[in-house]
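Close look at the chain arrangement
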Amino acid sequence: MLIVQKYGGTSVGSVERIKAVAKRIAKTASDRSVIVVVSAMGKTTDALVKLANEISPDPCRREMDMLLSTGEQVTIALMSMALQELGVPAISLTGAQVGIVTEAEHSRARILHIQTERIEEHLQLGEVIVVAGFQGISQTRHQEITTLGRGGSDTSAVALAAALQAERCEIYTDVPGILTTDPRIVPEAQLMSKISCDEMLELASLGAKVLHPRAVEIARNYGMPLVVLSSWSDAPGTRIVSAIPKRPALQDLELTKSVDAIEYDTNQAGISMLRVPDRPGVAAKLFSGIAVQNIDVDLIIQSIHESDTNDIAFTVRKDCWKQAAAVADAILPALGKNSDPSLGEPEVQTEERTIAKVSLVGAGMIGRPRVATKMFETLAAVGVNIVMISTSEVKVSCVIDTEDCEKAVNSLCQTFAVDVADISSSFAAPEPEEVLSPVRGVALDLKQARLAVRQVPDRSGMAAKIFGLLAQQNISIDMIIQSQRCHSVDGVLTRDIAFTVSQAEGETAYQTLADAALEFGWGKVVLENAIAKVSVVGSGMISHPGVAAQMFEALAASQINILMIATSEIKISCVVEEENGVKALQVIHKAFGLSGNEVFKVPA
Ligand code: ADP
Ligand code: ASP
Ligand code: MG
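What you see is a predicted model; the values in this text were computed from it and never measured.

Once that is clear, we can look at the overall build of the protein. The helix and strand tally for the protein stands at 16 helices and 29 strands. In terms of C-alpha radius of gyration, the protein reaches 25 Å, essentially the compact-globule figure of 25 Å for 604 residues. The buried share among the 604 residues of the protein stands at 57%. If you take every contact in the protein between residues at least 6 apart in sequence, the share linking residues at least 24 apart comes to 78%. Counting every atom, the protein has about 24500 Å² of accessible surface; 51% of that belongs to carbon and sulfur.

Contacts to ligand 2 come from Ser 39, Ala 40, Thr 45, Glu 72, Phe 134, Arg 150, Gly 151, Gly 152 and Ser 153. Here Thr 45 contributes a side-chain N or O atom positioned 2.8 Å from a nitrogen atom of ligand 2. One of the side-chain nitrogen or oxygen atoms of Arg 150 is found 2.6 Å away from an oxygen atom of ligand 2. Of the residues belonging to the shell around ligand 2, the class tally is two nonpolar, five polar and two charged.

A cluster of acidic residues, Glu 528, Glu 577, Glu 578 and Glu 579, forms a negative patch on the protein surface. Here Glu 579 shows up in the loop between strand S29 (571–577) and helix H16 (581–591). By relative accessible area, Glu 579 is classed as exposed at 72%.

With respect to spatial proximity, 17 residues lie near ligand 1, and among them Thr 173, Asp 174, Leu 179, Asp 182 and Arg 184 are the closest. Contacts to ligand 1 include Thr 173, whose side-chain N or O atom sits 2.7 Å from an oxygen atom. Within the complex, the protein chains bury 91% of what would otherwise be the 570 Å² of accessible surface of ligand 1. By residue class, the composition of the shell around ligand 1 is seven nonpolar, five polar and five charged.

Turning our attention to the packing of helix H9 (residues 282–292) against helix H10 (residues 321–335). Put simply, H9 and H10 touch, their axes get as near as 9 Å, and they point 145° apart. As H9 packs across H10, the resulting crossing turns out to be right-handed. Between H9 and H10, the contacting residues are Val 282, Lys 285, Leu 286, Gly 289 and Ile 290 on the first element and Ala 324, Val 327, Ala 328, Ile 331, Ala 334 and Leu 335 on the second. Of the residues contributing to the contact of H9 with H10, the split by class is nine nonpolar, one polar and one charged.

The next subject is the packing of aromatic side chains. A full pass over the atoms with the stated rule returns six aromatic pairs. With 5.1 Å between their ring centres and 80° between their planes, Phe 467 and Phe 499 make a pair best called edge-to-face. Remark: Phe 499 occurs in strand S25 (residues 492–502) and Phe 467 occurs in helix H13 (residues 462–472); sequence separation between them is 32 residues. Neither residue differs from the other here; Phe 467 and Phe 499 are each classed as buried. Every member of this aromatic cluster is reached through a ring pair, and the members are Phe 287, Phe 314 and Phe 552.

Right, let's talk about the side chain of Ser 392 for a bit. Mapped onto the secondary structure, Ser 392 falls in the loop between strand S18 (388–391) and strand S19 (395–401). Taking the relative accessible area as the measure of exposure, Ser 392 reaches 1% and is therefore buried. There is a polar contact of 2.7 Å between the side chain of Ser 392 and the side chain of Glu 202. Those residues within four positions of Ser 392 in sequence are excluded, and the remaining contacts are Glu 202, Met 365, Ile 366, Ser 568 and Lys 571.

Parameters at a glance
- The written sequence of each chain sets the order in which its residues are numbered from 1.
- Chains and ligands are labelled by the order in which they are written, letters from A for the one and numbers from 1 for the other.
- Predicted model: local features are reported for residues with pLDDT of at least 70 only, side-chain atom pairs are reported and counted for 80 or more only, and whole-chain, interface and lining totals are derived from all residues.
- The basis for every side-chain value is the complete set of non-hydrogen atoms in the structure, without hydrogens or water.
- The helix count covers DSSP runs of H or I at least four residues long, the strand count covers runs of E at least two residues long, and both are numbered beginning at the N terminus.
- Computation of the radius of gyration draws on C-alpha atoms alone. For the globule rule, the value is 2.2 Å times the number of residues to the power 0.38.
- Partly exposed residues are those whose accessible area sits between 20% and 50% of the maximum for their type, while under 20% is buried and over 50% is exposed, using a 1.4 Å probe and protein chains only.
- Whether two residues are in contact is decided by their heavy atoms: any pair within 4.5 Å suffices.
- For the area figures, the Shrake-Rupley method with a 1.4 Å probe applies, and any residue is considered shielded solely by the protein chains shown.
- Proximity criterion: a residue is near a molecule or strand once any of its heavy atoms comes within 4 Å of it.
- Identification of polar contacts relies on pairs of N or O atoms within 3.5 Å, with a donor-acceptor requirement for protein atoms, meaning one able to donate a hydrogen and the other able to accept it, and with residues adjacent in sequence counted only if both atoms are side-chain atoms.
- Only Asp, Glu, Lys and Arg are considered charged in this grouping, and only Ala, Val, Leu, Ile, Met, Phe, Trp, Tyr, Cys and Pro are considered nonpolar; every other residue, Gly among them, is considered polar.
- The patches reported here contain residues having more than 30% relative accessible area and no salt bridge. Joining distances are 9 Å for like charges and 5 Å for nonpolar side chains (Val, Leu, Ile, Met, Phe, Trp, Tyr).
- What makes a salt bridge here is a side-chain nitrogen of Lys or Arg within 4 Å of a carboxyl oxygen of Asp or Glu, nothing more.
- Positive residues here are Lys and Arg, negative ones are Asp and Glu, while His and the chain termini are left out of the count.
- For charged residues, the charge sits on one atom: NZ in Lys, CZ in Arg, CG in Asp, CD in Glu.
- Here, axes are lines fitted to C-alpha atoms. For helices the fit covers the stretch in contact, and angles between N-to-C directions go from 0 to 180 degrees.
- Crossings are sorted by hand: turned counterclockwise from the far helix by less than a right angle, the near helix makes the crossing left-handed, and turned clockwise it makes it right-handed.
- Centres within 6.5 Å make a pair out of two Phe, Tyr or Trp rings, where for Trp the six-membered ring is used; the pair is then stacked when the planes are under 30 degrees apart, edge-to-face when over 60, and tilted otherwise.

Below, the structure written as structure tokens:
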């Protein structure tokens, strides 16, 4: 029986803590085989990054990997010594020595496979193997040291567990498990005893850095039991539960297909509200009106504002369209007139548009920007214009005209070599085994930036072009929003396209698009760093009207203006001003009743 245990930076932050962890490992090792994966001590990796930046603002990625991989090597040696001191036979091994073979992509390498022979030899000898997390070795002639990306030790641990078919993988950290949100911001956050892989993937990619999203993805694909628990107690922690695992081959471990199926839904109708005032409370009023009617809203987008007005667009089931449009019409008078009359007045677009939603279903799609791009390119190749886009780790959807649905689905099935599922008549999600809150967790990401490209021609192929350019540089994107309003520029109808990227990649993305805008005659490209993205996640929201309304109402009650809205099936994200981020997280967490009486204090 084999267990893989991973201990994070805080858990091994001092010699005392390393000794305490060694005692825990010794206990487990008394009756089974153990592989231990460790992070660098405390904030070592941050300190190394700081050192590098004192020499160069933008150091070469190869040298960064050389530097950062040293952090974990200190811990493995010390941990192995601590175990030996307790009389436990142990050996420390670097990523290269255990045979963690990765792509040759520095600073974000994916694991290709793990050569398990050496590990198995040491396991046979009854030794505890202490492995340096976060690092691997490339397969190229020169065998370069690579790292998996910040937080990547979680991924090393789950990948080892999958490759060795361990009984389970335990991630020990400085909190008791997965909480409803980050306890450093909301100390009343509550522990969850379990969470689904899909929910965890969304939370992790939306800023809950307690787990590396790629670790969750591997656990999901290989059906590896994963638990997150505290290094300081014996409490059971949180189980991350996967549905039916795919159990792919162990070759190309992290390169497995991220799309499992294509879904389509023709039972959709869209409504747009144009030129609504840009002030707190408008989205809240609209969606609470709709929630009162018990109408389930599917996708919602609110585009970047032009002067001081916004557009809000959403989709509902066809049979609810009239009712929803009536709610939108009814709130128009209360919105008042726009301060600048030249902008025109708020308006509900009432022409009934027959739309369909086609989606890629899978895992790891934000982390692999080429997947969404391939979808846009496939649709462009058959001349399908995209009306709305919704992105997430587990689903990428495009709203298109119903008449395009069949050819869209056929070409997507071909591109991704998967089957299709018609979900038009599935009104509700399957009953969960137990009644859980529709919102399980709330996440905040303060490290995002917003990019907007103005005046992009409104024709098929534009999303493919823009996101293709970014995917070439492996830049992940989220919250893609095309404005509902069209502008005529020299007789060509144009729309604005906005989306979010990580701040670290903002400048590169900006440069790429600014060059393209010049070349293709698009309008201005605008980069805004002072934003925060706050998101709610939960599988239960699918069949639970009113979740969006509740989130928007909480923000409105605190006078927080929403700059952008984007939703996917099990998540709703809002962009707000950076200075409102923490407050936004706190009020939303409270509004969903997620706070408990227990207060968590994270060890320093
Ligand atoms: P480690 O060094 O053990 O890998 P990390 O710092 O990477 O630890 O992750 C643990 C931290 O994640 C916690 O200290 C907490 O501040 C943060 N965190 C963010 N969101 C959550 C959440 N939903 N549940 C638990 N912890 C969270
Ligand atoms: N030490 C690395 C980091 O700080 C990897 C990890 O801890 O997971 O990002
Ligand atoms: Mg971590």
